[in-house]
Amino acid sequence: MYITRRERFSAAHKLENTHLNTKENKQLFDKCNNLHGHNYELFVTVTGAIKPNSGFIIDLKDLKKIIQEKIIDKLDHNYINEVDFMKNKITTTENLCVQIWGELKEPIKLLGAKLYKIKITETENNSFEYYG
Ligand code: NI
């Protein structure tokens with residue numbers, strides 16, 4: 001069984017490879033090299049055994065709390081390029097998925113479940129899924 005919690009955040013970013021110069025970045029990323037923002041949706045899917053005493057795989061209140069503290073509080077209404085777990089990364093949604101996986105894997109394990117998937121929708125048309 002899989003359980004998915006959705007959270008939303010709005011954040012700004014610009015795509016930039018710090019190893020390239022201004023002109024090269026412009027060529028590679030085009031308009032995405034300009035400062036702009038998205039209304040993202042984050043879907044965190046977990047799996048695991050149903051606990052006999054609660055009937056839960058994970059207490060969704062606890063899951064909500066760790067996603068809020070570790071991810072949403074840092075990203076929402078912020079500049080992604082300067083968020084601690086995105087420092088020195090190109091702020092693509094691919095990299096966001098990978099870094100968010102890294103931030104949530106252990107805390108979810110401590111709650112007795114297993115992180116299964118991170119999905120982020122960046123626009124109506126573009127979504128990204130990561131299975132670790
Ligand atoms: Ni963008």
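Structure shown above.
Student: Any details on the overall build of the chain? Residues and values, ideally.
Tutor: From N to C terminus, the chain includes 3 helices and 5 strands. Along the chain, helices and strands appear, N-terminal first, in the series β-α-β-α-β-α-β-β. Summarising its shape, the C-alpha atoms of the chain cover approximately 60 × 25 × 25 Å along the three principal directions. Expressed as a percentage of its 132 residues, the buried residues of the chain come to 38%. For the chain, long-range pairs separated by at least 24 residues make up 66% of all intrachain contacts whose partners lie at least 6 apart in sequence. Of the accessible surface of the chain, which amounts to about 8,000 Å², a share of 48% is contributed by carbon and sulfur atoms. Distance from the positive charge centre (20 side chains) to the negative charge centre (18 side chains) of the chain: 3 Å.

Student: Give a description of the coordination of the nickel ion that names residues and reports values.
Tutor: Every protein donor of the nickel ion is accounted for by His13 (NE2), His36 (NE2) and His38 (NE2), and the metal-donor separations fall at 2.0 to 2.1 Å. For the nickel ion, the donor residues sit on a single chain with the sequence spacing H-x22-H-x1-H. Separated by 25 residues along the polypeptide, His13 in strand S1 (residues 2–13) and His38 in strand S2 (residues 36–47) bring together distant segments of the chain. Residue His13 is classed as buried on the basis of its relative accessible area, which comes to 1%.

Student: How would you explain the nonpolar core if you had to name every residue and give the values?
Tutor: In terms of nonpolar packing, the biggest core is built from 30 residues, with Leu42, Leu96, Ile100, Ile108 and Ile118 touching the most fellow members. In contact with Leu42, not counting residues within four places along its chain, are Arg5, Arg6, Glu7, Phe9, Ile67, Ile71, Ile72, Ile100, Ile118, Lys119 and Ile120.

Rules used throughout
- Residues numbered from 1 in each chain as written.
- Predicted model: local features only at pLDDT ≥ 70, side-chain atom pairs only at ≥ 80, totals over all residues.
- Heavy atoms only, no water.
- Helix = DSSP H or I, 4+ residues; strand = E, 2+ residues; numbered from the N terminus.
- Buried < 20%, exposed > 50% of the residue type's maximum accessible area, 1.4 Å probe, protein only.
- Contact = heavy atoms within 4.5 Å.
- Areas by Shrake-Rupley, 256 points an atom, 1.4 Å probe, with all protein chains shown as cover.
- Lys, Arg positive; Asp, Glu negative; His and termini not counted.
- Charge placed at Lys NZ, Arg CZ, Asp CG, Glu CD.
- Donors = N, O, S within 2.8 Å, 3.2 Å for Na, K, Ca; no water.
- Core = buried A, V, L, I, M, F, W, Y, C linked by side-chain atoms within 4.5 Å.

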